[in-house]
Amino acid sequence: MNFKALTHVVAQNVKRSKKSFLMSGFGIIVGISTFVFFLGLGEGVRNVVLGEIFLVDQVEVVPKRFDTGFTVFSGGRTLDDTVVEELNGIEGVESVFPKMKFTFPTRGYGGKKLFGRQIWAEIIADGLDPALVEKDLSDPSVFQDWEATQTCSEDAACPAGRRCTNGQCTKMTCQYREQTYLGDCPGESYCAADTKRCEMPIPVIASNHLLELYNGSLATALGGAKGGAKMLKLSKATVIGFQLNLTLGKSFLGRAAKSKPLTRRVKLVGFSDKAIMVGMTMPLAYVRRFNQRFAGDDAAKTYHSIVLKVDDQTRVPEVVQAVKEGGFDLADSTENAERAANIIRTVESVFALISLVIVGIAAVNISQMFFMIIYQRKREIGVLRAVGASRNDVRFLIMGEAALIGVVGGTFGVLAGYGGSRLIDYLATHLPEFPYKPESFFAFPPWIWVAGVGIAVLFCVIGAFFPADTAARQDPSVALTQ
Amino acid sequence: MIRITDVRKRYDGAAPGEEALRGCSLEIQEGEFVAIVGTSGSGKTTLLNVIGGLDTSYSGTVEVFGRTLKTLSDGELATFRNGQIGFVFQHFSLLDHLTALENVALPFHFARETHGIDPIARATEALTDLGLGAKLNERPGNLSGGQKQRVAIARALFFKPRLLLCDEPTGSLDTKTGEQIIQTFEQLNADGYTVVIITHEARVSRAAKRLVQIEDGQIVSGEAAP
């Protein structure tokens, strides 16, 4: 019996038993819609938690920590260029990106345009290799070390505030005005008080968390301080280009670096999940230079953490093991990511299991229905055998009918699950804002659609297997006497 | 040629020694019109099922057109039934959810080789030949007994088989309609079909060219081909 004939006869049979099939299909629809709903929810939550809050395709290595019970202190090997090379050699590691924090105090002020008044704050900052975040930035070229030597053939090829001299971009001299903190530098360059030269603002990036935290919590709190009026929520587009002045080597907390403080301007050029959670992140070369100036040579050579980008998410556990065997620890963010991934996987599995139990019950129902159907069609099956149906033809006919219920039930189930997710998303728009509130709580990658229909078909076919086998084994000469 | 040699058949659950067929031997030549007659329970239908390959749990040998049925696999046997044998049953055995045309075309769906046959055209032709050209799209529920039986005959003739096996084909019909059906079989035999009819009706056995008498599972007369 060829496929065309099979589908023809199956369609004829399903058409006449619409009521029975609708009843059986209903169970499948309920089971599959639940299955798809929870899988979609799990994927959506996973995307937010592991894609925005904790990153799972990278491992952040820190020096080994020792927990005495009273306090935790770092020890073990210092993270330097030798360690970077060593970690780069671990199998499964695609690339290695060292991170270095400011090892001196810094304070910042500015923000009048954005917040309506000047804001002073203690600043936390770190630096990383721009290559680590180039995919996160719309224009990666703006996140670079402007102090690096730049060759040129004409002035126009140099950044603002520089001229092309002897094939290299050199900073222009300027008149610094103490009263306005400004000078006569062109474009976005500014006059630095210490060098009296035009400097480009240091490009910095911020973490998506920071914006989420501000919009989800701080905006309300700061608005309250202004007399109850809420402050505007900030979007990325609004804050990109925001500038702030830093006084490096000074602190509001009374501690200062030994070297003379420096004033530099920073400019926000983008957002990335690899940026420091609360603070700002700049190209590594700036941090290295500042650390050398304010904290000495060792501070300029020692990294605070090293990010390992893993080529395949499934290899993260073996990379983690190699890191631990090498005498290093994982940053809290990595451990949290692992923990979060496990929790999500567990919750997702439990829900998927519950849904599969529902589908399984539906399959039992389908099995019973087919036993009833083959009892009713006993003589008919005998007739089919008489006109040339083999045992396998009979098997395929019954299982084909079951598969059709699976396809139809599965498709409606998937659509019902998806519809349910849209409803929840719609209702969620009425919930108050909170950090990381996603536009949708669900994600439906193509495999969920395929799995939904595929599992429906599989369970229906499994449910119909024994009835189909019973029908096929029926003696046609006996069946014809019924 | 059909040759049955020492066929014995005992149904599951039957008492020891209680056989439906007890060493039956029979020969039927191609083109014959044979009526197998006997009382109810004498083993007529069992013998027909054995010849048609619907029942394979017996001892002895059944050879139909040179093929020993017991040696065929289930698939081969199905193909054999599909192409070489047409069955006509007492209660018509039509599928109620299908039209006359769809019922007649049913064997087409199980054919391994269809030789480019257009099932609709073939079924239409078969029904028209039997005088049912106006009933092609009627369901069995809307047909009379005689019409139903002619649809069943058209289905049996779909692949122009070499052998027609008919189990009490007039048993559910009134006298006049039964006569018409008998005439149909006579015509088919005249066209070259080998017809084997099981009956206990005298009018049917009169139409046959040879009578095979079966009693208590044994052929008592007419076993040898003329």
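Residues numbered from 1 in each chain as written. Chains lettered and ligands numbered in written order. Predicted model: local features only at pLDDT ≥ 70, side-chain atom pairs only at ≥ 80, totals over all residues. Heavy atoms only, no water.

1. As for helix α5 (residues 145-156) of chain B
Compared with the 16 Å implied by 1.5 Å per residue over 12 residues, the 17 Å span of α5 of chain B between its first and last C-alpha is a close match. The element α5 of chain B is largely enclosed, with a buried count of nine among its 12 residues. Burial in α5 of chain B covers these residues: G146, Q147, Q149, V151, A152, I153, A154, R155 and A156 of chain B. On its buried face, α5 of chain B is in contact with α11 (378-386) of chain A together with β6 (85-88), α3 (100-109), α4 (119-129), β7 (163-167) and α6 (175-190) of chain B. (Helix = DSSP H or I, 4+ residues; strand = E, 2+ residues; numbered from the N terminus. Expected span 1.5 Å × (residues − 1). Buried < 20%, exposed > 50% of the residue type's maximum accessible area, 1.4 Å probe, protein only. Contact = heavy atoms within 4.5 Å.)

2. Focus: the packing of aromatic side chains
Scanning all chains against the criterion turns up 14 aromatic pairs over all chains. When the centroid spacing of 4.6 Å and the interplanar angle of 35° are considered together, the rings of F104 of chain A and F294 of chain A count as tilted. Of this pair, F104 of chain A sits in the loop between β4 (93-101) and β5 (106-110) while F294 of chain A is found in helix α7 (residues 284-295), placing the two residues 190 residues apart along the sequence. The class for F104 of chain A is buried, based on a relative accessible area of 8%. Through a chain of ring-to-ring contacts, three or more aromatic side chains come together here, namely F37, F38, Y418, F442, F444 and W449 of chain A. The positively charged end of R122 of chain B is found above the aromatic ring belonging to F158 of chain B, 6.0 Å away from the centroid. (Phe/Tyr/Trp six-rings, centres within 6.5 Å; stacked < 30°, edge-to-face > 60°. Lys NZ or Arg CZ within 6 Å of the ring centre and 35° of its normal.)

3. What to know about the pattern of salt bridges
Residues and elements named next belong to chain A. In the structure shown here, the tally under the stated rule is 25 salt bridges over all chains. With a closest N to O distance of 2.7 Å, D145 and R289 form a salt bridge. Remark: R289 occurs in helix α7 and D145 occurs in the loop between β7 (125-128) and β8 (162-165); sequence separation between them is 144 residues. The class of D145 is buried, set by a relative accessible area of 15%. A salt bridge links E147 to K171; the nearest nitrogen and oxygen atoms lie 2.6 Å apart. With E147 in the loop between β7 and β8 and K171 in strand β9 (residues 168-171), the pair connects residues that are 24 residues apart, well separated along the chain. Residue class for E147 comes out partly exposed when judged on its relative accessible area of 31%. Linked through salt bridges whose partners overlap, the residues forming this network are E147, R162, K171 and E199. (Salt bridge = Lys/Arg side-chain N within 4 Å of Asp/Glu carboxyl O.)

4. Focus: the packing of helix α12 (residues 391-428) of chain A against helix α13 (residues 446-473) of chain A
Residues and elements named next belong to chain A. At a minimum axis distance of 7 Å, the contact between α12 and α13 shows a crossing angle of 155°. The orientation of α12 relative to α13 falls into the category roughly antiparallel. α13 is crossed by α12, and the crossing has right-handed handedness. Considered class by class, the residues forming the contact of α12 with α13 number 21 nonpolar, four polar and four charged. (Axes fitted to C-alpha atoms, helices over the stretch in contact; angles between N-to-C directions. Parallel < 35°, antiparallel > 145°, perpendicular 65-115°, else oblique. Left-handed = near helix turned anticlockwise from the far one by under 90°. Nonpolar A, V, L, I, M, F, W, Y, C, P; charged D, E, K, R; others polar.)

5. Here we look at the interface of chain B and chain A
Counting from both sides, the interface comprises 22 residues of chain B and, opposite them, 25 residues of chain A. Sorting the residues of chain B by area buried against chain A places H97, H109 and F110 of chain B first, and these three jointly supply 31% of that buried surface. The tally of links from chain B across to chain A stands at three salt bridges. A salt bridge links D74 of chain B to R391 of chain A; the nearest nitrogen and oxygen atoms lie 4.0 Å apart. Our enumeration of links across chain B and chain A arrives at eight residue pairs in polar contact (both at pLDDT 80 or more). Elements that contribute at least two residues to the side of chain B that touches chain A include exactly α2 (74-84) and α3 of chain B. Sort the elements by how many residues they give to the side of chain B that touches chain A and α2 of chain B lands first, with five residues. Here the side of chain B that touches chain A is built from residues that sort into nine nonpolar, seven polar and six charged. (Buried area = accessible area lost by both parts, 1.4 Å probe. Polar contact = N/O pair within 3.5 Å; in protein donor to acceptor, adjacent residues only side chain to side chain.)

6. Topic: a nonpolar patch on the surface
Residues and elements named next belong to chain A. A cluster of nonpolar side chains, namely I343, V347, V350, F351 and I354, defines an oily patch on the protein surface of about 410 Å² accessible area. Considering the arrangement of structural elements, one finds V350 in helix α10 (residues 332-376). Among the residues examined, V350 registers a relative accessible area of 44% and is labelled partly exposed. (Patch = residues over 30% accessible without salt bridge, like charges linked within 9 Å, V, L, I, M, F, W, Y side chains within 5 Å. Areas by Shrake-Rupley, 256 points an atom, 1.4 Å probe, with all protein chains shown as cover.)

7. Some words on the sheet that holds strand β3 (residues 33-37) of chain B
All names here are of chain B. Within the open sheet, the six strands sit side by side as β6-β7-β8-β3-β9-β10. Their pairing is mixed. Edge strands, defined here as strands with exactly one partner in the open sheet, are β6 and β10 (218-221). Across the sheet, the mean angle from the axis of one strand to that of its neighbour is 25°, orientation sign disregarded. Here β3 runs beside strand β8 (residues 194-199); their pairing, made up of five bridges, is parallel. The partner of A35 across the bridge, within β8, is I197. (Pairing = 2+ DSSP bridges.)

8. Digging into the environment of L213 of chain A
All names here are of chain A. Inspection of the secondary structure assignment puts L213 in helix α5 (residues 208-225). Through-space distance from the C-alpha of L213 to that of V278 is 9.3 Å; in sequence the pair is 65 residues apart. When near neighbours in sequence (up to four residues on either side) are disregarded, L213 contacts L218 and V278.

9. Some points on the layout of surface pockets
Residues and elements named next belong to chain A. Roughly 820 Å³ of volume is contained in the largest pocket. Elements represented by at least two residues in the lining of the largest pocket include exactly β5, α4 (112-115), β6 (119-122), β12 (202-206), α5, β13 (243-248) and β14 (262-271). A total of six residues in the lining of the largest pocket trace back to one element, the largest contributor, which is α5. Classifying every residue of the lining of the largest pocket gives 25 nonpolar, four polar and two charged. (1 Å grid on protein atoms, 1.4 Å probe; cavity = no way out; pocket = protein on both sides within 12 Å on 5 of 7 lines; lining within 4 Å. Points joined across faces, edges and corners; volume = space filled by probe spheres on them.)

10. Here we look at the pairing of β13 of chain A
Residue and element names in this part refer to chain A. By the criterion of burial, β13 is predominantly enclosed, with five of the six residues buried. Relative to β13, β5 runs antiparallel, the two being bridged by four bridges. Each residue of the ladder has a partner; that of Y109, found in β13, is N245. Note: β13 against β14, six bridges, orientation antiparallel. Following the sheet pairing, L246 is matched in β14 by R264.

11. A look at α13 of chain A
A rise of 1.5 Å per residue sets the reference length of α13 of chain A, with its 28 residues, at 40 Å; its end C-alpha atoms lie 40 Å apart and thus fit the reference within 8%. At F465 of chain A, α13 of chain A shows its largest bend, some 40°, and a proline, P467 of chain A, comes one to four positions later. (Bend = angle between axes of the 7 residues up to and from the residue.)

12. Description of the nonpolar core
V59, L87, M282, F290, I306, L308 and V323 of chain A are the most contacted members of the largest nonpolar core, which totals 49 residues. If one sorts the elements of this core by residue count, α7 of chain A sits on top with five residues. Look past the residues within four positions of M282 of chain A in its chain and what remains in contact with it is F102, A125, D126, G127, L128, F143, I202, P203, V204, V266, V287 and F290 of chain A. If you look at the next biggest cluster of nonpolar residues, it comprises 45 residues, including I398, I448 and A472 of chain A together with F110 of chain B. (Core = buried A, V, L, I, M, F, W, Y, C linked by side-chain atoms within 4.5 Å.)

13. Section: unusual backbone geometry
One non-glycine residue with positive phi stands out, namely N166 of chain A, at about 50°. The exposed category is assigned to N166 of chain A, whose relative accessible area is 77%. In this structure, D6 of chain B takes a positive phi of about 45° despite not being glycine. Residue placement: D6 of chain B occurs in strand β1 (residues 2-9).

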